[in-house]
Amino acid sequence: MKIAAYSVASAEKPYFEQWMKENNVEVKLIDQPLSIDNLDEAAGCIGVCLQQAAKLGDESFYQRFAEMGLKYIGVRTAGIDLVDLASCRKYNIKVTNVPAYSPRAIAEMGLTQALALLRKLGEYQQTMAEGKFSLNPSLISNEIYNLTVGLVGLGHIGGETARLYRALGANVIAYNRSHKMEYESVVEYTDLQTVIEKSDIISLHTPLTPQTKNMIGAKQLTAMKKNAILINMSRGGLVDTAALINALQNHEIAGAGLDTLADEAKFFRRDLPIDQVPADYRTLAAMPNVIVTPHVAFYTTTAVENMVKIGLDNIYHQEEN
Ligand code: NAD
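Every value quoted in this text rests on a predicted model; they were computed, and no experiment measured them.

Draft legend 1. Up close: the overall build of the protein chain. The secondary structure content of the protein chain amounts to eleven helices and twelve strands. Computed over C-alpha atoms, the radius of gyration of the protein chain comes to 22 Å, within 12% of the 20 Å expected from 2.2 N^0.38 for 321 residues, which places it in the range of a compact globule. Along the longest, intermediate and shortest principal axes, the C-alpha atoms of the protein chain span 65 × 50 × 35 Å. Counting the 321 residues in the protein chain, one finds 49% classified as buried. Looking at the protein chain alone, contacts between residues at least 24 apart form 67% of all its contacts between residues at least 6 apart. Carbon and sulfur atoms make up 51% of the accessible area of the protein chain, which amounts to about 15900 Å² in all.

Quick look at the structure:
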């Protein structure tokens, strides 16, 4: 049995090698993302293990895939938007994903950014660089157990986030489209408007869907508390970026922590001269009360190990059964 893994990053290689040894299965490690141009590299394999944003191709890609005797597409991330499921059905290709490789990784990044913003670390870095070391009344902070944290979306990541804030003594409220019993001990369920109006920290954890696209726009930002911190660890499209910049510039909210941006596909995962990076990113990144990270909340050793191992297990166990 042989599997081809594409877009293999150096941080993943040790986990691929460990898995091969433990399971006595060969995995061909390919640096590039999968496309019709390098599909032949998977010749002789039972399936492919992927993590990439780029779509695989039109129907002819899947036809060729099946003709080569390939049977499985094992995506080693949660999202499977890159795969055309209708074509997979037509050519009897089985698709798997890794829905939760480490929700805690993303929850911890959201908490880290919220605490850094709450304690105004960006503003301190800026004022200290100017030689200002005296107590500044505008930089006084609050303590987390005095605050209300509002979560939008209470799934794997929202649930872990709720547990972390609750452990720190915060009052945690949440809006989710369904009521989940497992989080009843850590959150008080409420509606979206209450989360927006009552929270000192608002943390977004729904997927991006037609219903959630731009769910935080000018109206919602205006309704937030002046001291509110918005955290988006989910998908950039949940927030109207122009409205967010406006709200920050007009001091309608206190800060924002963003691991995702609506136009991130243009520049995240690449190295570019800074003047070629979109202007909205540069505006946000220049604000001391904003933290932007390049969609790396998942990027911990635990998560990378789980993505590789569960991604490969999904293919291997289907073939074994
Ligand atoms: P999940 O499916 O476990 O949870 C999503 C929750 O959102 C569910 O409880 C669902 O009921 C709720 N929901 C969906 N639509 C809603 C709506 N319209 N209104 C209210 N609630 C709604 O997903 P998860 O594993 O917690 O991941 C959440 C999101 O985090 C993913 O969709 C992805 O976009 C993002 N993510 C980001 C990173 C990163 O590195 N920054 C990594 C993984 C996932």
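Draft legend 2. Focus on the packing of aromatic side chains. Counted under the stated rule, the structure contains seven aromatic pairs. Three or more aromatic residues link up through ring pairs in this structure, and these residues are Phe 61, Tyr 62 and Phe 65.

Draft legend 3. Structural detail: the environment of Ile 196. Turning to its location among the elements, Ile 196 is positioned in helix 7 (residues 192–198). Judged by relative accessible area, Ile 196 falls into the buried class, the value being 1%. The contact partners of Ile 196, leaving out residues within four places of it in the chain, are Ile 202, Ile 216, Gln 220, Ala 223, Met 224 and Lys 225.

Draft legend 4. Just the nonpolar core, in detail. Among the nonpolar cores identified, the biggest contains 31 residues, and Tyr 165, Val 187 and Ile 201 are the most heavily contacted of them. Listed by contribution, the elements that provide at least two residues to this core are helix 4 (103–118), strand 6 (148–152), helix 6 (156–167), strand 7 (171–175), strand 10 (229–232) and helix 11 (301–320). If near-sequence neighbours (up to four positions away) are discounted, Tyr 165 is found in contact with Gly 110, Leu 111, Ala 114, Ile 144, Val 149, Ala 170, Val 172 and Ile 201. Listed in part, the 30 residues of the second largest apolar core include Val 195, Ala 228, Leu 258 and Met 287.

Draft legend 5. Representation of the site of the ligand within the structure. Near the ligand there are 22 residues, and of these His 156, Ile 157, Asn 176, Lys 180 and Asp 259 occur at the shortest range. The backbone of Ile 157 places a nitrogen or oxygen atom 2.8 Å from an oxygen atom of the ligand. Take Phe 298: an N or O atom from its main chain is 3.2 Å from an oxygen atom of the ligand. About the coverage of the ligand: the protein hides 86% of its 870 Å² of free accessible area. Split by residue class, the shell around the ligand holds nine nonpolar, nine polar and four charged.

Draft legend 6. Structural detail: the pattern of salt bridges. This model, assessed by the stated rule, comprises eleven salt bridges. One salt bridge in this structure joins Lys 132 and Glu 130, with 3.0 Å as the shortest N-O distance. Relative accessible area serves as the criterion here: at 48%, Lys 132 is assigned to the partly exposed category. You can call Glu 130 partly exposed: its relative accessible area is 48%. As a salt-bridge pair, Asp 200 and Lys 225 come within 2.9 Å of each other at their nearest N and O atoms. Taken together, the residues span a long stretch of sequence, with Asp 200 in the loop between helix 7 and strand 9 (201–204) and Lys 225 in the loop between helix 8 (218–223) and strand 10 at a distance of 25 residues.

Draft legend 7. Representation of the packing of helix 1 (residues 13–23) against helix 11 in the model. The contact between helix 1 and helix 11 brings their axes to 9 Å, and the two run at 40°. Of the possible angle classes, the one that applies to helix 1 and helix 11 is oblique. Handedness of the crossing formed by helix 1 with helix 11: right-handed. Between helix 1 and helix 11, the residues in contact are Tyr 15, Phe 16, Gln 18, Trp 19, Glu 22 and Asn 23 and Thr 301, Val 304, Glu 305, Val 308, Lys 309, Leu 312, Asp 313 and Tyr 316, respectively.

Draft legend 8. Molecular detail of the sheet that holds strand 1 (residues 2–5). One open sheet holds the five strands; their spatial order is 2-1-3-4-5, and the pairing between them is parallel. With one partner strand each, in any of the chains shown, strand 2 (26–29) and strand 5 (94–96) form the two edges of the open sheet. For this sheet the average axis-to-axis angle between neighbouring strands, irrespective of direction, equals 20°. In this sheet, strand 2 lies alongside strand 1 in parallel orientation, the contact comprising four bridges. Residue Ala 5 lies in a different strand from strand 2, and its bridge partner there is Leu 29. Sitting on the sheet, helix 1 touches strand 1 and strand 2, and the angle it makes with strand 2 is about 160°.

Draft legend 9. Local environment of the pairing of strand 6. Strand 6 sits mainly inside the fold: five of its five residues count as buried. With burial as the criterion, each face of strand 6 is covered, one bearing Thr 148, Gly 150 and Val 152 and the other bearing Val 149 and Leu 151. One ladder, built from five bridges, connects strand 6 with strand 7; its direction is parallel. Looking across to strand 7, one finds that Gly 150 is bridged to Ile 173. For the crossover that starts at strand 6, traverses helix 6 and ends in the parallel strand 7, the hand is right-handed. Sheet topology note: the strand 6/strand 9 ladder contains four bridges and is parallel. Bridge pairing in strand 9 links Val 152 to Leu 204.

Rules of the game
Residues numbered from 1 in each chain as written. Predicted model: local features only at pLDDT ≥ 70, side-chain atom pairs only at ≥ 80, totals over all residues. Heavy atoms only, no water. Helix = DSSP H or I, 4+ residues; strand = E, 2+ residues; numbered from the N terminus. Rg over C-alpha atoms; globule rule 2.2 N^0.38 Å. Buried < 20%, exposed > 50% of the residue type's maximum accessible area, 1.4 Å probe, protein only. Contact = heavy atoms within 4.5 Å. Areas by Shrake-Rupley, 256 points an atom, 1.4 Å probe, with all protein chains shown as cover. Phe/Tyr/Trp six-rings, centres within 6.5 Å; stacked < 30°, edge-to-face > 60°. Core = buried A, V, L, I, M, F, W, Y, C linked by side-chain atoms within 4.5 Å. Near = heavy atom within 4 Å. Polar contact = N/O pair within 3.5 Å; in protein donor to acceptor, adjacent residues only side chain to side chain. Nonpolar A, V, L, I, M, F, W, Y, C, P; charged D, E, K, R; others polar. Salt bridge = Lys/Arg side-chain N within 4 Å of Asp/Glu carboxyl O. Axes fitted to C-alpha atoms, helices over the stretch in contact; angles between N-to-C directions. Parallel < 35°, antiparallel > 145°, perpendicular 65-115°, else oblique. Left-handed = near helix turned anticlockwise from the far one by under 90°. Pairing = 2+ DSSP bridges. Right-handed = clockwise from strand over helix to strand, strands pointing away.

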